[in-house]
Amino acid sequence: MEFCPECGSLMMPSKKGSLTIITCKKCGYCRDLSKEDKSKFVVKEKISHSPKDKLIVIEDKVDTLPKTREQCPKCGNFEAYWWELQTRSGDEPSTKFYRCTRCGHTWREY
Ligand SMILES: [Zn+2]
Ligand SMILES: [Zn+2]
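Residues numbered from 1 in each chain as written. Chains lettered and ligands numbered in written order. Predicted model: local features only at pLDDT ≥ 70, side-chain atom pairs only at ≥ 80, totals over all residues.

## Some thoughts on the overall build of the protein chain
Here's step 1: Scanning the protein chain for helices and strands turns up 1 helix and 8 strands.
Here's step 2: In the protein chain, which comprises 110 residues, the share counted as buried stands at 6%.
Here's step 3: Counting only contacts in the protein chain whose residues sit at least 6 apart along the sequence, the fraction spanning at least 24 positions is 17%. (Helix = DSSP H or I, 4+ residues; strand = E, 2+ residues; numbered from the N terminus. Buried ≥ 20, exposed ≤ 12 C-beta atoms within 10 Å, placed from the backbone. Contact = placed C-beta atoms within 7 Å.)

If you want it as C-alpha coordinates, here you go:
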(Lines give C-alpha, C1' and ligand atoms only; values in the text may rest on other atoms or scores of the structure.)
(Ligands and ions follow the chains in the order given, each with its own letter.)
Protein backbone atom coordinates (compact mmCIF):
# COMPACT_ATOMS: atom_id res chain seq x y z
CA MET A 1 0.00 0.00 0.00
CA GLU A 2 1.30 3.44 -0.94
CA PHE A 3 -0.20 6.75 0.05
CA CYS A 4 0.17 10.00 -1.82
CA PRO A 5 2.69 12.34 -0.16
CA GLU A 6 0.75 15.30 -1.56
CA CYS A 7 -2.80 14.65 -0.43
CA GLY A 8 -2.69 11.39 1.56
CA SER A 9 -5.02 9.41 -0.73
CA LEU A 10 -4.42 5.78 -1.66
CA MET A 11 -2.22 5.44 -4.77
CA MET A 12 -2.91 2.83 -7.45
CA PRO A 13 -0.11 0.97 -9.25
CA SER A 14 -0.32 0.74 -13.04
CA LYS A 15 1.90 -0.39 -15.93
CA LYS A 16 3.33 2.07 -18.45
CA GLY A 17 5.30 -0.01 -20.95
CA SER A 18 8.12 -1.62 -18.97
CA LEU A 19 7.68 0.76 -16.05
CA THR A 20 5.46 0.37 -13.03
CA ILE A 21 4.16 3.66 -11.75
CA ILE A 22 1.79 4.51 -8.94
CA THR A 23 -0.69 7.26 -9.49
CA CYS A 24 -2.87 9.24 -7.12
CA LYS A 25 -6.44 9.28 -8.45
CA LYS A 26 -7.28 12.40 -6.50
CA CYS A 27 -4.51 14.90 -7.34
CA GLY A 28 -2.70 13.15 -10.21
CA TYR A 29 0.67 12.78 -8.41
CA CYS A 30 2.67 9.84 -9.80
CA ARG A 31 5.93 8.04 -9.06
CA ASP A 32 8.13 5.56 -10.95
CA LEU A 33 7.84 2.58 -8.63
CA SER A 34 10.05 0.09 -10.48
CA LYS A 35 13.20 2.21 -10.11
CA GLU A 36 12.72 2.88 -6.41
CA ASP A 37 11.94 -0.69 -5.47
CA LYS A 38 15.16 -1.99 -7.00
CA SER A 39 17.40 0.36 -5.04
CA LYS A 40 15.55 -0.34 -1.82
CA PHE A 41 15.95 -4.08 -2.31
CA VAL A 42 19.72 -3.91 -2.77
CA VAL A 43 20.22 -1.90 0.42
CA LYS A 44 18.02 -4.27 2.42
CA GLU A 45 19.94 -7.32 1.19
CA LYS A 46 23.32 -5.86 2.16
CA ILE A 47 22.23 -5.13 5.73
CA SER A 48 20.65 -8.50 6.41
CA HIS A 49 23.46 -10.61 4.95
CA SER A 50 26.83 -9.23 6.03
CA PRO A 51 26.73 -9.58 9.85
CA LYS A 52 25.39 -13.13 9.70
CA ASP A 53 27.94 -14.29 7.10
CA LYS A 54 30.85 -12.93 9.11
CA LEU A 55 29.73 -14.81 12.19
CA ILE A 56 29.43 -18.09 10.33
CA VAL A 57 32.91 -17.75 8.83
CA ILE A 58 34.50 -17.25 12.24
CA GLU A 59 32.65 -20.22 13.77
CA ASP A 60 33.62 -22.53 10.90
CA LYS A 61 37.29 -21.66 11.16
CA VAL A 62 37.66 -22.46 14.87
CA ASP A 63 38.39 -26.17 14.38
CA THR A 64 41.16 -25.51 11.88
CA LEU A 65 42.96 -22.95 14.05
CA PRO A 66 46.37 -23.82 15.50
CA LYS A 67 46.53 -24.87 19.13
CA THR A 68 48.97 -23.66 21.75
CA ARG A 69 49.80 -24.32 25.41
CA GLU A 70 48.09 -21.36 27.04
CA GLN A 71 46.20 -21.47 30.31
CA CYS A 72 42.53 -20.60 30.20
CA PRO A 73 41.80 -17.92 32.83
CA LYS A 74 38.32 -19.35 33.31
CA CYS A 75 38.70 -23.12 33.72
CA GLY A 76 42.49 -23.59 33.96
CA ASN A 77 42.73 -25.81 30.88
CA PHE A 78 46.21 -25.77 29.27
CA GLU A 79 45.21 -25.89 25.61
CA ALA A 80 43.78 -23.09 23.49
CA TYR A 81 43.22 -22.21 19.84
CA TRP A 82 44.90 -18.96 18.84
CA TRP A 83 44.73 -16.43 15.99
CA GLU A 84 46.00 -12.95 15.27
CA LEU A 85 44.05 -9.85 14.31
CA GLN A 86 45.64 -6.74 12.83
CA THR A 87 44.35 -3.52 14.37
CA ARG A 88 43.03 -0.72 12.17
CA SER A 89 46.27 1.30 12.01
CA GLY A 90 49.01 -0.70 10.30
CA ASP A 91 51.90 0.39 12.57
CA GLU A 92 50.38 -1.08 15.72
CA PRO A 93 51.26 -4.71 16.51
CA SER A 94 48.58 -7.32 15.87
CA THR A 95 46.63 -8.71 18.81
CA LYS A 96 46.69 -12.40 19.69
CA PHE A 97 43.42 -14.05 20.62
CA TYR A 98 42.96 -17.34 22.42
CA ARG A 99 40.00 -19.67 22.72
CA CYS A 100 39.95 -22.45 25.28
CA THR A 101 39.50 -25.89 23.70
CA ARG A 102 37.53 -27.12 26.72
CA CYS A 103 35.08 -24.37 27.74
CA GLY A 104 35.22 -22.11 24.64
CA HIS A 105 36.19 -19.03 26.64
CA THR A 106 37.85 -16.42 24.39
CA TRP A 107 40.39 -13.86 25.59
CA ARG A 108 43.11 -11.63 24.18
CA GLU A 109 46.78 -11.38 24.99
CA TYR A 110 47.83 -8.15 26.70
ZN1 LIG B 1 -2.71 12.90 -4.24
ZN1 LIG C 1 38.47 -22.88 29.61
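On we go.
## A closer look at the sheet that holds strand β5 (residues 67–68)
Here's step 1: Ordered by their spatial adjacency, 4 strands build an open sheet running β5-β6-β7-β8, and the pairing between neighbours is antiparallel. Each edge of the open sheet is held by one strand with a lone partner, namely β5 and β8 (106–108).
Here's step 2: The pairing of strand β6 (residues 80–85) with strand β7 (residues 95–100) spans 6 bridges and is antiparallel. By the bridge assignment for β7, Ala 80 is matched with Cys 100. (Pairing = 2+ DSSP bridges.)

## Remarks on the environment of Pro 66
Here's step 1: Checked against the element boundaries, Pro 66 lands in the loop between α1 (33–61) and β5.
Here's step 2: It is 5.6 Å that separates the C-alpha atoms of Pro 66 and Tyr 81, two residues lying 15 residues apart in sequence.

## Comments concerning the sheet that holds strand β2 (residues 10–16)
Here's step 1: Taken in spatial order, the 4 strands line up as β1-β2-β3-β4 in an open sheet, and their pairing is antiparallel. A single partner strand is all that each edge strand has here, and the edge strands are β1 (2–3) and β4 (30–32).
Here's step 2: In this sheet, strand β3 (residues 19–24) lies alongside β2 in antiparallel orientation, the contact comprising 6 bridges. By the bridge assignment, Met 12 is partnered in β3 with Thr 23.

## What about the confidence of the model for the protein chain?
Here's step 1: Put simply, the protein chain has an average pLDDT of 78, and 70% of its residues get 70 or more.
Here's step 2: α1 is the least confidently modelled element of the protein chain, averaging 51 in pLDDT, while β5 averages 95, the highest of any element.
Here's step 3: Within the model, pLDDT remains below 50 along residues 41–50, and this stretch shows 0 contacts once partners closer than five positions in the same chain are excluded. (pLDDT = per-residue confidence, 0-100.)

## Re the nonpolar core
One broad trend across soluble globular proteins is that nonpolar side chains are buried collectively.
Here's step 1: One finds Cys 72, Ala 80, Tyr 81, Tyr 98 and Cys 100 forming the largest nonpolar core, which totals 5 residues.
Here's step 2: Listed by contribution, the elements that provide at least two residues to this core are β6 and β7.
Here's step 3: Among all residues touching Ala 80, those that are not within four sequence positions of it are Lys 67, Thr 68, Glu 70, Cys 72, Tyr 98, Arg 99, Cys 100 and Thr 101. (Core = buried A, V, L, I, M, F, W, Y, C linked by C-beta atoms within 7 Å.)

## With respect to the pairing of β6
Taken residue by residue, a regular strand's side chains alternate between the two faces of the sheet.
Here's step 1: Note that β5 and β6 share 2 bridges and pair antiparallel. From the neighbouring strand, Thr 68 faces β6, where its bridge partner is Ala 80.

## Some remarks on the pairing of β2
Here's step 1: Inspection of the sheet shows β1 paired to β2 by 2 bridges, in the antiparallel sense. Within the sheet, the bridge partner assigned to Glu 2 lies in β2 and is Met 11.
Here's step 2: Where β2 hands over to β3, the hairpin turn is made up of 2 residues, of which Gly 17 adopts a positive phi near 70°.

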